[in-house]
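Listed below are the residues making up each chain.
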Amino acid sequence: MKRTIILIAVCLIATTIRAQQIDYTTYIQKVLSQNPAFKAAQLDLEASQADLKTARKITDPVLSAEYGNNSDWDIEMGESMSIELSKTISLGKRSARIHVAENSLKASEAGLLDFTSQLRTEATNAYLDALLAQEQMRIAEESANNLAKLYQSDSLRAARGDISELDALQSKLEANIAKQDHLSARAKYQNALLTLGQYIGQAQMGTSSIAGHLAVPNRTYHPAQLIDSALAHRQDLLAAQHLSDAAQSELTALRRERTPDIDIALGANYNTRVRNEEAPAPQFIGYTAGISIPLPVSNLNRGEVRSGQIRIQQAQLQTEILRNQIQVEILQAYNNYQAAISRAADFDSFLMETAQQVLQGRLYAYSRGETTLLEVLNAQHTYNEIQQAYAEALHDCMQAWVELNRAAAIWDIDIR
């Protein structure tokens with residue numbers, strides 16, 4: 001019965017630990033749905049959509065009415081009433097404003113997608129940093145446990161007189177240092193979890209561990225294909241192209257703004273009968289129609305047009321600069337990726353197993369009095385350094401993989 005209760009308790013603990021653990025896929029989904037900065041960027045897109053609606057509005061017609069009276073009731077000059085409907089007609093200005101707003105909206109949409117790519121990259125790098133911190137904490141914990149066991153053994157051996165008190169004191173000192181290193185590594189890991197929580201819009205991560213391991217990516221890429229993908233799908237390049245189109249639309253809109261507006265008016269006047277003996281007149285209704293065309297003398301100043309042409313040239317040059325920059329980014333990211341894989345390949349399983357066997361051999365020989373404490377500590381430090389260097393090499397390799405994906409506008413990152 002007691003054994004059954006223990007098994008149930010172990011299962012419940014294991015289930016709780018799994019529930020507290022978060023994997024990379026779930027984490028990224030939360031980032032893209034809960035990140036506050038991402039929500040703020042979405043508001044920029046909504047503002048551009050509102051600007052497009054604003055550009056589609058039309059000018060309102062104007063309805064005016066007047067009442068006239070000669071104000072001398074004695075001579076009976078009569079009264080007059082008039083009503084007029086007028087409308088300002090802008091030739092092509094509304095359509096030009098709509099084109100500007102449409103290109104700006106396309107640029108905003110591409111900008112939001114580019115922000116999404118940047119956010120996903122930063123969040124993934126933060127996840128990799130947390131995995132590295134988790135591995136470093138494991139290494140520090142293993143080292144602290146080994147040295148704690150060594151101190152316990154040395155304290156007993158010193159009590160029996162097998163080793164000197166100085167060796168036991170040195171073991172205690174090394175065990176305390178390893179314990180402090182473990183505490184520092186655990187704090188670093190906890191801070192890394194807080195950073196992940198910040199990306200998903202939470203003050204605390206709400207989990208004590210993350211799933212996944214640092215490993216060499218099993219992906220092969222070709223620079224030419226990466227460049228083609230980037231030039232076709234990089235959202236920052238698409239945004240720059242849309243901004244260039246918007247600058248062209250703005251110049252068109254500016255030219256149409258310089259076209260005079262035409263005011264058209266239709267009206268009717270009603271005049272009552274004039275009963276004055278000197279100048280009598282019957283009642284009548286008169287009609288008016290008018291058109292008003294300004295004389296565009298100010299258009300002789302073409303400074304605004306020239307400024308718009310310069311902005312178009314700037315936008316085109318910036319697009320070309322970004323195009324070249326993207327190609328350089330991809331080649332650099334590819335070189336870094338290949339170099340990182342080569343560095344990680346230097347840490348093969350044989351090297352790790354050899355360092356572990358040397359440590360175990362030193363511990364066994366030390367327990368038999370065949371080697372010194374210094375040699376044991378050196379073996380432990382060497383084993384720790386190799387594990388640390390291997391973890392960092394894998395971390396750098398995966399970050400280079402992430403950067404290559406971002407630069408090429410692809411995303412086949414899978415952290416398990």
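Everything here concerns the structure above.
Conventions adopted
Residues numbered from 1 in each chain as written. Predicted model: local features only at pLDDT ≥ 70, side-chain atom pairs only at ≥ 80, totals over all residues. Heavy atoms only, no water. Pairing = 2+ DSSP bridges. Helix = DSSP H or I, 4+ residues; strand = E, 2+ residues; numbered from the N terminus. Axes fitted to C-alpha atoms, helices over the stretch in contact; angles between N-to-C directions. Contact = heavy atoms within 4.5 Å. Salt bridge = Lys/Arg side-chain N within 4 Å of Asp/Glu carboxyl O. Buried < 20%, exposed > 50% of the residue type's maximum accessible area, 1.4 Å probe, protein only. 1 Å grid on protein atoms, 1.4 Å probe; cavity = no way out; pocket = protein on both sides within 12 Å on 5 of 7 lines; lining within 4 Å. Points joined across faces, edges and corners; volume = space filled by probe spheres on them. Nonpolar A, V, L, I, M, F, W, Y, C, P; charged D, E, K, R; others polar. Core = buried A, V, L, I, M, F, W, Y, C linked by side-chain atoms within 4.5 Å. Parallel < 35°, antiparallel > 145°, perpendicular 65-115°, else oblique. Left-handed = near helix turned anticlockwise from the far one by under 90°.

Ordered in space as β2-β3-β5-β6, the 4 strands form an open sheet in which the pairing is antiparallel. Edge positions in the open sheet fall to β2 (62-69) and β6 (284-292), since each of these has one partner strand only. Within this sheet the neighbouring strands show an average axis-to-axis angle of 15°, counted without direction. As judged from the 9 bridges shared by strand β5 (residues 262-271) and β6, these two strands associate in the antiparallel manner. Within the sheet, the bridge partner assigned to Tyr-270 lies in β6 and is Ile-285.

Looking at the element boundaries, Ser-48 is found in helix α3 (residues 36-55). Those residues in contact with Ser-48, other than ones at most four positions away along the chain, are Ser-104, Leu-105 and Ser-108.

What follows is about the pattern of salt bridges. Overall, the coordinates contain 13 salt bridges when judged by the stated rule. Of the charged contacts, one joins Arg-416 and Asp-414 as a salt bridge, the two residues approaching to 2.7 Å between their closest N and O atoms. Asp-414 gets classed as partly exposed once you look at its relative accessible area, which sits at 32%. Salt bridges sharing common partners tie together Arg-234, Asp-236, Glu-329, Glu-403 and Arg-406.

The subject of this paragraph is unusual backbone geometry. Its identity is not glycine, yet Ala-409 carries a phi of approximately 60°, on the positive side. Note that Ala-409 resides in the segment after α10 (373-408). By relative accessible area, Ala-409 is classed as partly exposed at 28%.

It is worth spelling out the layout of surface pockets at this point. Vacant regions in the atomic arrangement are exposed by a probe of water-molecule size rolled over the atoms. The computed volume of the largest pocket comes to approximately 260 Å³. Forming the walls of the largest pocket are Leu-131, Gln-134, Glu-135, Arg-138, Gly-212, His-213, Leu-214, Met-352, Gln-387, Tyr-390, Ala-391 and Leu-394. For the lining of the largest pocket, the elements supplying multiple residues, two or more each, are α4 (93-160) and α10. In terms of residue class, the lining of the largest pocket is built from 6 nonpolar, 4 polar and 2 charged. Considering only enclosed or pocket space, the second largest pocket measures out at about 220 Å³ in volume. Elements supplying a minimum of two residues to the lining of the second largest pocket: α4, α5 (165-199) and α10. The element best represented in the lining of the second largest pocket is α4, accounting for 5 residues.

Here Ser-244 shows up in helix α7 (residues 235-257). Those residues within four positions of Ser-244 in sequence are excluded, and the remaining contacts are Ala-315, Gln-316 and Thr-319.

Right, let's talk about the nonpolar core for a bit. Counting 62 residues, the largest nonpolar core has Tyr-27, Tyr-127, Leu-196, Ile-210 and Ile-415 as the members making the most contacts within it. Within the residue set of this core, elements represented by two or more residues are α2 (24-34), α3, α4, α5, α6 (223-233), α7, α8 (303-345) and α10. Ranked by residues supplied to this core, first place goes to α4 with 15 residues. Grouped together as the second largest cluster of nonpolar side chains are 12 residues, Leu-150, Ala-158, Ile-163 and Leu-373 included.

What follows concerns the packing of α2 against α4. Between α2 and α4, the least distance of the axes is 10 Å, while the angle of their chain directions is 140°. Considered as vectors, α2 and α4 are oriented oblique to each other. Judged by the twist between their axes, the crossing of α2 over α4 is right-handed. Listed contacts from α4 to Tyr-24, Tyr-27, Ile-28, Val-31 and Leu-32 of α2 are Thr-116, Leu-119, Arg-120, Ala-123, Thr-124, Ala-126 and Tyr-127.

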